[in-house]
Amino acid sequence: DVQLQASGGGLVQAGGSLKLSCAASGFTFDEYAIGWFRQAPGKEREGVSCIAGVGGSTYYIDSVKGRFTITGDNVKNTVYLQMNSLRPEDTGVYYCAALSRDGGSSWWDERIYDYWGQGTQVTVSS
C-alpha cells in the first residue's frame, strides 16, 4: 500500500524559512507526481506545489512563486518543499499527496489525487 508521511512543520516568524518533507513508501517513487496542499484556518484546502516525478516538471500557485521550491530525492523516496520568506498567510496544515501520473494543468485539483498523508502544521507569526 502507498503510505505518505509529511513532516518538518513548525512555528516561525514572518520572513523565516521551513523545509517540509514527504516520505513515501509502497510504490515506485518516480512513477508518481507528488503534490503539496495546505488548509488555513476557516478556509478550504488548496494546492501549493507539485512535482511530476524526480526531475520532472514542477508547478506552483502564483502566491508562492519565487519563495517556495519543490524537489525530490528518488533514492530516499522523499519530496521536499523549501519555504522561504514566509508570510502569515502561509499558515496552515500542509499535506502531501500522490498521483500516478503528471496531472499537468490540473495538478492543483485535490480531487484527482489517489493517496494522502496526515499533514504537518506550519504557523507563521507577524
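One structure accompanies this document, and this report is about it. Computed from a prediction, not measured in an experiment: that's the story for all the values here.

What counts, and at which threshold
Residues numbered from 1 in each chain as written. Predicted model: local features only at pLDDT ≥ 70, side-chain atom pairs only at ≥ 80, totals over all residues. Heavy atoms only, no water. Core = buried A, V, L, I, M, F, W, Y, C linked by side-chain atoms within 4.5 Å. Buried < 20%, exposed > 50% of the residue type's maximum accessible area, 1.4 Å probe, protein only. Helix = DSSP H or I, 4+ residues; strand = E, 2+ residues; numbered from the N terminus. Contact = heavy atoms within 4.5 Å. Pairing = 2+ DSSP bridges. Axes fitted to C-alpha atoms, helices over the stretch in contact; angles between N-to-C directions. Disulfide = S-S within 2.5 Å.

Section: the nonpolar core
- Judged by nonpolar contacts, the single largest core of 35 residues is most densely connected at Leu4, Ile34, Trp36, Phe68, Leu81, Met83 and Tyr94.
- Only β1 (3-7), β3 (18-25), β4 (33-39), β5 (46-52), β7 (68-73), β8 (78-83), β9 (92-99) and β11 (120-125) provide two or more residues apiece to this core.
- Residue contacts for Phe68: discarding those within four places in its chain leaves Arg38, Val48, Tyr60, Leu81, Gln82, Met83, Asn84, Leu86, Asp90 and Tyr94.

A closer look at the sheet that holds β3
- The sheet built from 4 strands is open, its strands ordered β1-β3-β8-β7 with antiparallel pairing. Both edges of this open sheet fall to β1 and β7, since each of them pairs with a single strand only. Strand-to-strand, the axes of this sheet are offset by a mean angle of 15 degrees, without reference to chain direction.
- Here 6 bridges tie β3 to β8, and the two strands are oriented antiparallel to one another. Bridged to Cys22 within β8 is Val79.

Observations concerning unusual backbone geometry
- For Asn77, which is not glycine, the phi dihedral falls at a positive 50 degrees.
- If you trace the backbone, Asn77 turns up in the loop between β7 and β8.
- Of note, Ser85 is a non-glycine position whose phi angle comes to about 50 degrees, a positive value.
- Residue position: Ser85 is located in the loop between β8 and β9.

A closer look at the state of the cysteines
- Across all of its chains, the model carries 1 disulfide by this definition.
- Note that Cys22 is cross-linked by a disulfide to Cys96, the S-S spacing being 2.2 Å. On the sign convention where negative is left-handed, the bridge of Cys22 and Cys96, at about 75 degrees about the S-S bond, is right-handed. Of this pair, Cys22 sits in strand β3 while Cys96 sits in strand β9, and the two are 74 residues apart along the sequence.
- Among the cysteines around Cys50, which has no disulfide bond, Cys22 carries the closest sulfur, lying 11 Å off.

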